[in-house]
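# Structure at a glance
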Amino acid sequence: MKLHEKILTHYLSCTSPVDKEGYLYKKKERNATYQRRWFVLKANLLFYQERPADRHLLGVIVLERCAVRRAESDAQFAFSLVFGPGLKTYRFAAVDRQTQESWVKALLSASHCYLSLLVRDLGRQYEEAKQQQGSGESRSSVTALKPSTYSFLFTAQGPTTAAVVREGRSHSASTVLQASSIPTKVVAKKSPKLWPRRNAYVTPLNGPAPLYGEWPLVGFDPLEDFRKLHDYYGQEVKKAREEWLRSRQAEEERSDEDLIDLG
Amino acid sequence: MRFNEKELVSLSRQPSEMAAELGMRGPKKGDVVKKRLVKLVVNFLFYFRTDEEEPIGALLLEQCRVEREDSQTFSIAFLDEAERKYLFECDSEEQCGEWVDSIIKASYEFMRKNLIFYRTEIHRLTGKDPLEQYGISDETRFQVSNGLQLMSPWVKYVA
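Residues numbered from 1 in each chain as written. Chains lettered and ligands numbered in written order. Predicted model: local features only at pLDDT ≥ 70, side-chain atom pairs only at ≥ 80, totals over all residues. Heavy atoms only, no water.

Secondary structure assignment for chain B yields three helices and eight strands. Sequence-ordered secondary structure for chain B, helices as α and strands as β, is β-α-β-β-β-β-β-β-β-α-α. A total of 159 residues make up chain B; the buried ones form 57% of that total. Sequence-distant contacts in chain B: of pairs separated by 6 or more residues, those separated by 24 or more amount to 41%. Working note: accessible area of chain B is about 7100 Å², and carbon and sulfur atoms make up 45% of it. (Helix = DSSP H or I, 4+ residues; strand = E, 2+ residues; numbered from the N terminus. Buried < 20%, exposed > 50% of the residue type's maximum accessible area, 1.4 Å probe, protein only. Contact = heavy atoms within 4.5 Å. Areas by Shrake-Rupley, 256 points an atom, 1.4 Å probe, with all protein chains shown as cover.)

Our focus in this paragraph is the confidence of the model for chain A. Of all residues in chain A, 52% have pLDDT values of 70 or greater, and the mean over the chain is 70. This model gives residues 137-225 of chain A a pLDDT under 50, and the stretch forms 141 contacts once residues within four places in sequence are excluded. (pLDDT = per-residue confidence, 0-100.)

How two helices pack is summed up by the angle between their axes together with the distance between the axes. All names here are of chain B. At a minimum axis separation of 5 Å, helix α2 (residues 93-106) and helix α3 (residues 108-126) run at an interaxial angle of 70°. With respect to their mutual orientation, α2 and α3 come out roughly perpendicular. Seen from α2, the contacting residues are Ile 104, Lys 105 and Ala 106; seen from α3, they are Tyr 108, Phe 110 and Met 111. Split into classes, the residues belonging to the contact of α2 with α3 amount to five nonpolar, no polar and one charged. (Axes fitted to C-alpha atoms, helices over the stretch in contact; angles between N-to-C directions. Parallel < 35°, antiparallel > 145°, perpendicular 65-115°, else oblique. Nonpolar A, V, L, I, M, F, W, Y, C, P; charged D, E, K, R; others polar.)

As a further point, take the sheet that holds strand β4 (residues 45-49) of chain A. One open sheet accounts for eight strands, arranged β6(A)-β7(A)-β8(A)-β2(A)-β3(A)-β4(A)-β5(A)-β1(B); its pairing is mixed. Of all strands in the sheet, those bounded by a partner on one side alone are β6 (67-71) of chain A together with β1 (2-3) of chain B. Contacts from helix α1 (residues 5-13) of chain A reach β3 (34-42), β4 and β5 (59-62) of chain A, with the element oriented near 90° to β4(A). (Pairing = 2+ DSSP bridges.)

Glancing now at the layout of surface pockets. Volume-wise, the second largest pocket comes out at about 560 Å³. Considering the residues around the second largest pocket, the lining is formed by 22 residues, among which Lys2(A), His4(A), Pro27(B), Lys28(B) and Tyr86(B) are closest to the centre. Elements that contribute at least two residues to the lining of the second largest pocket include exactly α1 of chain A together with β2 (19-25) and β3 (34-41) of chain B. Ranked by residues supplied to the lining of the second largest pocket, first place goes to α1(A) with three residues. Classifying every residue of the lining of the second largest pocket by side-chain character gives nine nonpolar, three polar and 10 charged. (1 Å grid on protein atoms, 1.4 Å probe; cavity = no way out; pocket = protein on both sides within 12 Å on 5 of 7 lines; lining within 4 Å. Points joined across faces, edges and corners; volume = space filled by probe spheres on them.)

The next thing to look at is the pairing of strand β6 (residues 65-70) of chain B. Residue and element names in this part refer to chain B. The pairing of β6 with strand β7 (residues 73-77) spans five bridges and is classified as antiparallel. Within β7, the position partnered with Arg 65 by the bridge is Ala 77. Here β6 folds back onto β7 in antiparallel fashion, the turn holding two residues.

Printed below as a string of structure tokens:
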């Protein structure tokens, strides 16, 4: 299979920030020796080269569907990326505990699947926070069920993320990804019946495409996008707040009338 | 450059909501339209010969420009080379729109922006950082960029 390398190297060298970089020892598959390499982590891609200044990239590891494991078997401060039966296990060693922990943490949250789960979860929390701010009472259960708002995030990730969550649980305790704990932690706050996470299993493979056009912006300038998004959602909050104030006023008027019962 | 090919091929076999036979044309002069099974998995666009198990190739959907060329055709340009485009012919206007939308939203960088937006907004509305409960507040990848330094006091600056 051809991996269009130029696209990857272009992405690596572009202005978006690097998520982590540093020296690590990488174990050679053949003769089990460790070689020092310079690693650069960006999004769900782990690039490596001999030295930081090198223009020539030795390789890249796509970090999807792999577990991150701490392993002390043959080297100190070692960890590995396990892709599963029939697939590779990449083994690494750091120079100290701090470096090892830092890399393990960074790799645990690197996958696209993980980010997708996180975004979905935060999207829900955001909708709830907006509702609670606007209405002053908890109507969050109704909003949480509104499928149209979240369906645009259910692109290709429904079944895949469900698989990731299952995989996360089946691996050893040290690799129980934060990702796998996200759905359970949030579920604890709500009645399971109302929890829209079921959509992850219900989204049909060949079903209708998620609603688009709802997400107001698809631009590339982060500052502008966020301000516009901020204002766009700010309108909703403003409107909801006004409605709440009006309903409160109406309530107060009613209660004033009944204060004194003159028989 | 070495890469984990077997693992990537395995990834390409995962179920995807966006998988269809499209007419695909490469960016070089002389490239012709060929029928390909095009499949979107995470931030990769895989393309197969119909009925083949292993994809011919994989395109990383980052730093690319997706555009509607006409009612049923969209293009993807990489490497900031606006003229060198991959072309994809769909069966309908609706299908074309779905693909453009899906590809844009599949980008890791796009999703990261969404996350940072939600994180900032949730903090503004509730006073809490939603990433704290997952122990990932300090991860570099989730930090708010310089452009948002005006929003909240706890925002970290990424140099």
